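Report on the structure
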Amino acid sequence: MESNLWGTRRQRHHQRVTIPDELVRQLRSAQRVVVVTGAGVSAESGVPTFRDAQTGLWAKFKPEELATPEGFQANPRLVWEWYAWRRKMVAAARPNSAHFALREMEKLFPEFHLITQNVDGLHQRAGSSNVIELHGNITRTKCFNEGTIITTSQDSDEVPPRCPQCGGVLRPDVVWFGEVLPESALEKAAEVSANCDVFFSIGTSAVVYPAAALSADALRAGKTVVEINPEPTPLTALAHFVVSGAAGVVVPEIVNRVRSFVS
Ligand code: BJW
């Protein structure tokens, strides 16, 4: 085990990756960089992804029962308890070298936007600022009826707990299938994606919309699109650069290369 530049211990990923020189060159002159992250970025923190075979949450649980408003209405207790289990897992997890490298990336460019589909808050815990959360945050709770964010805890043991304002049931503040994304977050994400110099898609299967359309916005606008993922996705064939590997290895390497670049 070794300590690395990011202050975390690198245990599993000793593989070396090659970052294309042309990508480093473009990043050195880039003014505006956008990164969209998915569950793969938190995989090295021990937070399960959704669609990975064997280890993904959707390999073991049914999304229609657990991640839709209809599923919640049918069995609110089951859904609440599933999220309580995941909330505990996230609280025990620590940001990994990919999260820390993305925090460093923000200092390398005049304009940098980090957009995440993740609900775990690990980017913020790593120190990234102004994170655009597309799918909410699992640590927050809101009223199922009114959507109001609830921060006060209740004495009752009821599961799910009740809204202190209207008596409705509480739910996690995440975006389920069939629900609209937070409007201002999505608008901002689409705007910066179409107006960047380099767009990164990191650790996402790129199948869930509208988040998956952001790379298309960047491509349509003629921007450079980079994918970082150990597995191919629908974006792989379209991206200008594909770096195949774990985010915790590739992202720190990109930051190092951009910092030490000599033209
Ligand atoms: C690594 C790695 C390492 C591993 N390093 N990488 C057709 C039919 C039905 C519905 C639709 C349809 N077409 C479009 C829709 C709508 C639907 C949708 O997109 N469905 C598709 C799945 C087909 N979208 C919606 O419903 C959205 N709302 C919407 O569209 O509103 C408008 C509307 C309303 C009503 C009607 C019509 C339109 C809402 C989507 C909400 C998604 N919610 C979830 C759950 C959040 C809460 C929770 O956490 O429980 O968000 S689902 C889940 O998927 C979660 C994620 O944010 C999201 C994306 O997943 P992600 O992050 O890409 O993870 P994975 O697991 O898929 O991929 C991980 C990747 O990491 C893999 O590629 C690995 O290889 C890689 N990896 N280790 C780097 N170390």
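Everything numeric in this text was worked out from a predicted model, so none of it was measured.

Thresholds applied
Residues numbered from 1 in each chain as written. Predicted model: local features only at pLDDT ≥ 70, side-chain atom pairs only at ≥ 80, totals over all residues. Heavy atoms only, no water. Buried < 20%, exposed > 50% of the residue type's maximum accessible area, 1.4 Å probe, protein only. Helix = DSSP H or I, 4+ residues; strand = E, 2+ residues; numbered from the N terminus. Contact = heavy atoms within 4.5 Å. Domains from an automatic or database assignment. Buried area = accessible area lost by both parts, 1.4 Å probe. Pairing = 2+ DSSP bridges. Salt bridge = Lys/Arg side-chain N within 4 Å of Asp/Glu carboxyl O. Near = heavy atom within 4 Å. Polar contact = N/O pair within 3.5 Å; in protein donor to acceptor, adjacent residues only side chain to side chain. Areas by Shrake-Rupley, 256 points an atom, 1.4 Å probe, with all protein chains shown as cover. Nonpolar A, V, L, I, M, F, W, Y, C, P; charged D, E, K, R; others polar.

1. As for helix α7 (residues 97-105)
- Here α7 lies mainly inside the structure; eight of its nine residues are buried.
- Residues of α7 that are buried include every one of Ser 97, Ala 98, His 99, Phe 100, Ala 101, Leu 102, Glu 104 and Met 105, and no others.
- Residues of α7 that are buried make contact with β3 (32-37), α2 (40-43), β4 (111-116), α8 (122-126), β8 (198-202) and α11 (247-259).

2. A look at the domain arrangement of the chain
- Segmentation of the chain into domains returns domain 1 (1-46 + 95-135 + 181-263) and domain 2 (48-92 + 139-174).
- The centre of domain 1, based on its C-alpha atoms, is set 28 Å off from the matching centre of domain 2.
- With 12 residues of domain 1 at the contact, the number on the domain 2 side is 11 residues.
- Summing the contributions of domain 1 and of domain 2, the shared interface buries around 790 Å²; its carbon and sulfur component is 57%.

3. Concerning the sheet that holds strand β5 (residues 132-133)
- Across the sheet, which stays open at both edges, the six strands sit in the order β5-β4-β3-β8-β9-β10 with parallel pairing between neighbours. Each edge of the open sheet carries a strand with a single partner, namely β5 and β10 (241-243).

4. Overview of the pattern of salt bridges
- The full count for this structure, using the stated rule, is 13 salt bridges.
- Ionic pairing is found between Glu 81 and Arg 77, a salt bridge with its closest N-O pair at 3.5 Å. Of this pair, Glu 81 and Arg 77 are both found in helix α6 (residues 76-92), four residues apart, which corresponds to roughly one turn of the helix.
- Note on Glu 81: relative accessible area 39%, which makes it partly exposed.
- Judged by relative accessible area, Arg 77 falls into the partly exposed class, the value being 45%.
- Residues Glu 104 and Arg 259 are paired through a salt bridge, measuring 2.7 Å at the closest nitrogen-oxygen approach. Of this pair, Glu 104 sits in helix α7 while Arg 259 sits in helix α11; the two residues are 155 residues apart in sequence, bridging distant segments of the chain.
- Salt bridges here are not isolated pairs; linked through shared partners, they connect Arg 103, Glu 104, Lys 107 and Arg 259.

5. What to know about the site of the ligand
- Among the 34 residues in the neighbourhood of the ligand, the closest are listed as Arg 51, Tyr 83, Arg 86, Thr 204 and Ser 205.
- For the ligand, an oxygen atom lies 2.7 Å from a polar atom in the backbone of Phe 50.
- For the ligand, the accessible surface in isolation is 1500 Å², of which the surrounding protein chains cover 73%.
- For the shell around the ligand, the class distribution of residues is 18 nonpolar, 10 polar and six charged.
- Each of two domains, domain 1 (1-46 + 95-135 + 181-263) and domain 2 (48-92 + 139-174), supplies a minimum of three residues to the shell around the ligand.

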